[in-house]
Amino acid sequence: MQDAENVAVPEAAEERAEPGQQQPAAEPPPDEGLLRPAGPGAPEAAGTEASSEEVAVAEAGPEPEVRTEPAAEVEAASGPSESLSPTAAEEPPGSHAEPPVPAQGEAPGEQARDERADSRAQAASENAGGNEGSAAEAEPRALENGDADEPSFSDPEDFVDDVSEEELLGDVLKDRPQEADGIDSVIVVDNVPQVGPDRLEKLKNVIHKIFSKFGKITNDFYPEEDGKTKGYIFLEYASPAHAVDAVKNADGYKLDKQHTFRVNLFTDFDKYMTISDEWDIPEKQPFKDLGNLRYWLEEAECRDQYSVIFESGDRTSIFWNDVKDPVSIEERARWTETYVRWSPKGTYLATFHQRGIALWGGEKFKQIQRFSHQGVQLIDFSPCERYLVTFSPLMDTQDDPQAIIIWDILTGHKKRGFHCESSAHWPIFKWSHDGKFFARMTLDTLSIYETPSMGLLDKKSLKISGIKDFSWSPGGNIIAFWVPEDKDIPARVTLMQLPTRQEIRVRNLFNVVDCKLHWQKNGDYLCVKVDRTPKGTQGVVTNFEIFRMREKQVPVDVVEMKETIIAFAWEPNGSKFAVLHGEAPRISVSFYHVKNNGKIELIKMFDKQQANTIFWSPQGQFVVLAGLRSMNGALAFVDTSDCTVMNIAEHYMASDVEWDPTGRYVVTSVSWWSHKVDNAYWLWTFQGRLLQKNNKDRFCQLLWRPRPPTLLSQEQIKQIKKDLKKYSKIFEQKDRLSQSKASKELVERRRTMMEDFRKYRKMAQELYMEQKNERLELRGGVDTDELDSNVDDWEEETIEFFVTEEIIPLGNQE
Amino acid sequence: MNSRRGSGDGGAGSATYPETPPWQLRCLLLPGTRGRRPIIRKWAQSVFRSCSRCGLPRVTAGMKPILLQGHERSITQIKYNREGDLLFTVAKDPIVNVWYSVNGERLGTYMGHTGAVWCVDADWDTKHVLTGSADNSCRLWDCETGKQLALLKTNSAVRTCGFDFGGNIIMFSTDKQMGYQCFVSFFDLRDPSQIDNNEPYMKIPCNDSKITSAVWGPLGECIIAGHESGELNQYSAKSGEVLVNVKEHSRQINDIQLSRDMTMFVTASKDNTAKLFDSTTLEHQKTFRTERPVNSAALSPNYDHVVLGGGQEAMDVTTTSTRIGKFEARFFHLAFEEEFGRVKGHFGPINSVAFHPDGKSYSSGGEDGYVRIHYFDPQYFEFEFEA
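Since the structure is predicted, the reported quantities are computational estimates derived from the model, not experimental observations. (Residues numbered from 1 in each chain as written. Chains lettered and ligands numbered in written order. Predicted model: local features only at pLDDT ≥ 70, side-chain atom pairs only at ≥ 80, totals over all residues. Heavy atoms only, no water.)

**A short note on the overall build of chain B**
- Secondary structure assignment for chain B yields three helices and 29 strands.
- The buried share of chain B, reckoned over its 387 residues, is 62%.
- Put simply, of all contacts in chain B between residues at least 6 apart along the chain, 44% involve residues at least 24 apart.
- In the structure as shown, chain B presents an accessible area of about 14200 Å², 47% of it carried by carbon and sulfur atoms. (Helix = DSSP H or I, 4+ residues; strand = E, 2+ residues; numbered from the N terminus. Buried < 20%, exposed > 50% of the residue type's maximum accessible area, 1.4 Å probe, protein only. Contact = heavy atoms within 4.5 Å. Areas by Shrake-Rupley, 256 points an atom, 1.4 Å probe, with all protein chains shown as cover.)

Written out as structure tokens, the structure reads:
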């Protein structure tokens, strides 16, 4: 808009007269003062002229294309010099009654605005006198305004507008018609065969055939030199969209061996020509100090944080986990619209909103970054916390992939958009452990992309026909994928090294129904759960194929399972795994150990378990077997070092189990999302001792804040483990201290409560005593204040009761 | 119902009893007892659960509850008389029972109602008994003889009723029902014409939200009414105007009970809390929180204790397991608002609780139709909070 004003051509005025567009006041470009006459009266007059002209122009709507309207005449009459004047501030007449759009004013105060409003209203009433909106009416008046000294409707010269047009109606301005000279529809094709006039017709036919696929060609031009074409041609399409289409699809078209077309937009030439050869130093962004984003790791007590969503999602809180009571850090209403996510290292908290994702962090949970993605539903962080993947089902368009967007978390920039074709499972993109690569699977292809370019690795996808599932190793850039049987070719599981694409192990399998890939958290082992229907047997047999990744040639061992498998889980930092198998109600849990020599040993089996899920402690060794939901929330806490059940407990109707990142505590919860009553989360020690019951109204979700991997070396960890006794003494002392302090506090609190209550009771008692006479009066002089105060009035009667006792054995009642 | 009834139909003084209900058949009849003797069961099990750090009860005891089985439907209200020797119980059946509280023997019944009885009250010297029923009547009985002294017809069900401090004025409130609005009616018993003509000396209309519980304030100058909306109003018993209005509860107030000295009262609300108020100012003092709707709350006469009864609402019980219904009576300390004990035993929500005036026992009546008299054992009296 401002550009239009600065360019004093009639089109500029025309553009302002858009259909239905209110003309907001333009912020005067800073240099405009220079263009103005210096006298106090002169700018006034100029302003009047300009504004009246604007009125005329505005009234001239609704179609800017109509070129017979008086706007042009006015323009001609008042001359381009006037339209240079920056006072272009008027509204279409229909909206005069509305509060005036702030324009230039003497003083930016309210009064000045009111004055303006008055003067405008005056102008409006004048306008209303005639046929409103009629261009013919406006014309003479506009001219008249130009000559005569009407009161000035425009803002005084030194009024500085504080609202830009963009701000006021950016959405409308975006759609304003753009001037087009057709140059956008022109493409340039290079590497066209050079031909003489004799074959030109033929060439034209060929070219036409190729390029009319993308739209109607309205014009073509074959420059010639010395009787031959120059080897490049110009084609004009009916619309710029066709041109873009042609560039996209015909670029790189191989006509024959010698000729590969290079197709470009004509406007691109212009664009690239004007780019200066000099490198401009990018403007330095001011450093935003976000504070220590990892402050929570420095907490003296080494407590962990967790987020809690409750009141059916209306409130979100962050707590310090404490053995006694959770300590609230932050609580906000409507912090998120659906749920929250922590980033994998715990630096950020992501909240979901209709318009996108917000990341929060630092001590005060300030907003750190925003990613605008309308209707976002799912997100995924890269393991390195550099990138964020968001998914929205709303935004996708054919030529602008926006269903899935990958963002740079630090800059907030969009790195790349993707379409979402198949109804794949989230996360659609799986990240390698270091965040260097990410991959997605589509029909018969596995596409691996690399960061930070976000381009395909080696510029091409892997063709793997029939690929069913894949998974990155959490311990190295190895991808595992499996392909089902295809007629005579057996099903196979492949391990591929990246970026070399070298297959390090292929295992063929027969009669496979389904495979599931389970990586151990360090990437030391891969377990492929293979469901098979061997010939000659009925039903499905399950095998665990255990790949030992750290050994040469990746040896594979097989564990055969006779029963149906309910759940499988690796010990995160070890070589054990737990399996739940059997049919309800006869469910057993088995613990296996993968020995160094490759032997897989059954350590222990417990039968008659009430469990359907396995939750390993993040530090390994301890495991919680939970019978969630339908199994009423039965919990078994097992120590797998000697395979003892430390405790059996129950959190009725529990729906979730969450280990804290250090493996010290476990939270079981009943989420409002799955069960409507008794929504609460309970805190247990890893041994299964219940510490807290936290009832929260319509509690939804608890998430522990993850911790980044430790910075200690293996030796240091070993040393700490060795010195554990020394530490434990200190900790125990601390615990005792805090316990006695807490009980002291509690006692103190109770004491004050009691004192307050006593005070209140004393007052009440006094009142009560004062009313004694009234009471006596009301009850005919009988003192009933104490139970036996009227004992003299009693006629004592001894009643003999016959009592038998029926003793009912325990347990009959309930 | 009628077919079961024995000889007496007015409920004569020498108590008449219904025919032996099937559940009592297995109890032995001892010679010399007049009619059916109540069953007293001994519980070998400790019902007062022990407490741990996570807020479970801190007192262990083996109380032996007396089970009163005199109703066929859910209990609506139970009340001790002033001395505490009698316990009145009403239920959603038309029977009004009175029991000896010391051993649970039934003294008699007041027969006459034809619908569910919502409320019962006895005056201070236990001469009269007042009952209000869904048969659109409020009845006054002679306590000793069981004779019906007055029948006050109303347009809709009587929800609450009560004698004033002197026992001369009765008050009852009616439901907003069948096109009739909620009223509180006042009758002066000293003026027989009021009863004969069924003309209360005052009738307070209550347009906004119906009264769900009401008691007389101290000295009978006002009544304190709890509304469906959770509001509390203090109405003057002389002019009928609203003296104080507070809203501390967010949902229906199910029960109001005064302390022994009448200086404060406790409300039980559907919003899962019970609250303590001052009776004159209606100032909120304390809040006792649970996870279930509270149907009734009672103050101990000699300790700073309050007992709460409630549980999952009756209509939801069939869809939920009894385990999560939480049908326990829960004991809170009045000043600390902390729970220190629980007593389980009912199979459904507890609809009414009452403390014996001597504070040595309490009773609860449940949706399961049973009334249980619990005597506290020594641990209860010895227990003290660390403060």
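**A short note on the overall build of chain A**
- When helices and strands are counted, chain A shows 15 helices and 44 strands.
- Sequence-distant contacts, at least 24 apart, represent 48% of the contacts inside chain A between residues at least 6 apart.
- For chain A, the accessible surface area stands at approximately 44500 Å², while carbon and sulfur atoms represent 50% of it.

**So, the sheet that holds strand 12 (residues 169-174) of chain B**
Residues and elements named next belong to chain B.
- Taken together, four strands build an open sheet; the order of strands is 11-12-13-14 and the sheet is antiparallel. Sheet topology places strand 11 (158-163) and strand 14 (202-206) at the edges, where each strand pairs with a single neighbour. Between one strand axis and the next, the sheet turns through 15 degrees on average, direction left out of account.
- Here strand 12 runs beside strand 13 (residues 182-188); their pairing, made up of five bridges, is antiparallel. When the sheet's bridge partners are listed, Ile169 is paired in strand 13 with Asp188. (Pairing = 2+ DSSP bridges. Axes fitted to C-alpha atoms, helices over the stretch in contact; angles between N-to-C directions.)

**A word on the side chain of Ser352(B)**
Residue and element names in this part refer to chain B.
- Structurally, Ser352 can be placed in strand 27 (residues 350-355).
- Assessed through its relative accessible area of 4%, Ser352 is described here as buried.
- For Ser352, the side chain forms a polar contact with the main-chain nitrogen of Ile78, separated by 3.1 Å.
- For Ser352, the contacting residues outside a window of four places in its chain are Thr76, Gln77, Ile78, Ser296, Ser363, Ser364 and Gly365. (Polar contact = N/O pair within 3.5 Å; in protein donor to acceptor, adjacent residues only side chain to side chain.)

**Overview of the confidence of the model for chain A**
- Summarising the model, chain A shows a mean pLDDT of 76, and 77% of its residues fall at 70 or more.
- Between residues 1-117 of chain A, whose pLDDT stays under 50, and residues either more than four places distant or in other chains, the model counts 196 contacts. (pLDDT = per-residue confidence, 0-100.)

**Topic: the sheet that holds strand 35 (residues 613-616) of chain A**
All names here are of chain A.
- Within the open sheet, the four strands sit side by side as 35-36-37-38. Their pairing is antiparallel. Here the strands that pair on one side only, and so sit at the sheet edges, are strand 35 and strand 38 (644-650). Adjacent strand axes in the sheet meet at a mean angle of 20 degrees when their direction is disregarded.
- By the bridge criterion, six bridges tie strand 36 (residues 622-627) to strand 37 (residues 634-639) in an arrangement that is antiparallel. Residue pairing in the sheet places Ala626 in a bridge with Leu635 of strand 37.

**Notes on the nonpolar core**
- Ranked by size, the top nonpolar core spans 33 residues in total, and within it Val306(B) and Phe331(B) carry the most contacts.
- Among the secondary structure elements, those contributing two or more residues to this core are helix 14 (724-770) of chain A together with strand 20 (264-269), strand 21 (273-278), strand 23 (294-299), strand 24 (305-310), strand 25 (329-333), strand 26 (339-343) and strand 27 of chain B. (Core = buried A, V, L, I, M, F, W, Y, C linked by side-chain atoms within 4.5 Å.)

**Focus: a nonpolar patch on the surface**
- A cluster of nonpolar side chains, namely Leu712(A), Ile720(A) and Leu724(A), defines an oily patch on the protein surface of about 240 Å² accessible area.
- Along the polypeptide, Ile720(A) turns up in helix 13 (residues 714-722). (Patch = residues over 30% accessible without salt bridge, like charges linked within 9 Å, V, L, I, M, F, W, Y side chains within 5 Å. Salt bridge = Lys/Arg side-chain N within 4 Å of Asp/Glu carboxyl O.)

**Quick word on the packing of aromatic side chains**
- Under the defined criterion, the tally for this structure stands at 57 aromatic pairs over all chains.
- Their ring planes at 65 degrees and their centres at 6.4 Å tell us that Trp342(A) and Phe365(A) sit as a pair that is edge-to-face. Linking Trp342(A) in strand 10 (residues 340-342) with Phe365(A) in the loop between strand 12 (356-361) and strand 13 (366-372), this pair joins segments that are 23 residues apart in sequence. With respect to burial, Trp342(A) and Phe365(A) carry one shared label: buried.
- Three or more aromatic residues link up through ring pairs in this structure, and these residues are Tyr303(B), Phe331(B), Phe340(B), Phe355(B), Tyr362(B), Phe376(B), Tyr380(B) and Phe381(B).
- Looking at Lys693(A), its charged tip hangs above the ring of Trp682(A), at a distance of 4.6 Å from the centre.
- The aromatic ring of Trp118(B) is capped on one face by Arg159(B), whose charged end is 4.0 Å from the ring centroid. (Phe/Tyr/Trp six-rings, centres within 6.5 Å; stacked < 30°, edge-to-face > 60°. Lys NZ or Arg CZ within 6 Å of the ring centre and 35° of its normal.)

**Notes on unusual backbone geometry**
Residue and element names in this part refer to chain A.
- For the peptide bond that leads from Thr451 to Pro452, omega is 0 degrees, which places it in the cis range.
- Following Leu498, the chain continues to Pro499 via a peptide bond in cis, the omega torsion being 5 degrees.
- Looking at the secondary structure, you find Pro499 in the loop between strand 25 (491-497) and strand 26 (502-509).
- The phi dihedral of Asn511 is positive, around 55 degrees, even though this residue is not glycine.
- Inspection of the secondary structure puts Asn511 in the loop between strand 26 and strand 27 (512-519).
- At Met653, a position not held by glycine, the phi torsion is positive, near 65 degrees.

**Focus: the environment of Val158(B)**
Residues and elements named next belong to chain B.
- For Val158, the location among the structural elements is in strand 11.
- Taking the relative accessible area as the measure of exposure, Val158 reaches 0% and is therefore buried.
- Taking the C-alpha atoms as reference points, Val158 and Val117, separated by 41 residues in sequence, lie 8.3 Å from one another.
- Ignoring any residue separated from it by four or fewer positions in sequence, one finds Val158 in contact with Trp118, Cys119, Gly132, Ser133, Ser137, Cys138, Phe172, Ser173 and Thr174.

**Examining the pattern of salt bridges**
- Considering all chains together, one arrives at 38 salt bridges over all chains under this definition.
- With its nearest N and O atoms 3.4 Å apart, the salt bridge here joins Lys595(A) to Glu601(A).
- Residue Lys595(A) is classed as partly exposed on the basis of its relative accessible area of 32%.
- The class of Glu601(A) is partly exposed, set by a relative accessible area of 35%.
- Here Asp188(B) and Arg190(B) are joined by a salt bridge, their closest N and O atoms 3.0 Å apart.
- The exposed category is assigned to Arg190(B), whose relative accessible area is 54%.
- Among the charged side chains, a salt-bridge network with shared partners connects Glu291(B), Glu328(B), Arg330(B), Glu339(B) and Arg342(B).

**Notes on the pairing of strand 25 of chain A**
Residues and elements named next belong to chain A.
- Across the seven residues that make up strand 25, a large majority, five, are buried.
- Here six bridges tie strand 24 (residues 478-483) to strand 25, and the two strands are oriented antiparallel to one another. Bridge assignment links Ala480 to a residue of strand 25, and that residue is Leu495.
- Note that strand 25 and strand 26 share seven bridges and pair antiparallel. Within strand 26, the residue paired with Leu495 across the bridge is Arg505.

**Re the pairing of strand 7 (residues 117-122) of chain B**
Residues and elements named next belong to chain B.
- Burial runs high along strand 7: five of the six residues are buried.
- In this sheet, strand 8 (residues 128-133) lies alongside strand 7 in antiparallel orientation, the contact comprising five bridges. Counterpart to Val120 in the pairing with strand 8 is Thr131.
- What sits between strand 7 and strand 8 in their antiparallel hairpin is a turn of five residues, with Thr126 showing a positive phi close to 55 degrees.

**Considering the UniProt feature "repeat: WD" (unreviewed entry) in chain B**
- Taking the UniProt record as the reference, the feature "repeat: WD" (unreviewed entry) is found at residues 68-109, 110-151, 246-287 and 343-373 of chain B.
- The distance from the first to the last C-alpha atom of residues 343-373 of chain B is 11 Å, and the span holds 0% helix and 52% strand. (UniProt positions renumbered as here; feature names shortened; annotations may be inferred.)

**Describing the environment of Ala350(A)**
Residues and elements named next belong to chain A.
- When you line up the elements, Ala350 lands in strand 11 (residues 349-353).
- The spatial distance from the C-alpha of Ala350 to the C-alpha of Gly361 is 9.0 Å, given a sequence separation of eleven residues.
- Residue contacts for Ala350: discarding those within four places in its chain leaves Tyr339, Val340, Arg341, Ile357, Ala358, Leu359, Ile379 and Phe381.

**Considering the side chain of Asp175(B)**
Residues and elements named next belong to chain B.
- Tracing the sequence through the fold places Asp175 in the loop between strand 12 and strand 13.
- The exposure class of Asp175 is buried, given its relative accessible area of 1%.
- Dropping the residues within four chain positions of it, Asp175 is found in contact with Ser156, Ala157, Arg159, Tyr180, Gln181, Cys182, Lys210 and Ile211.

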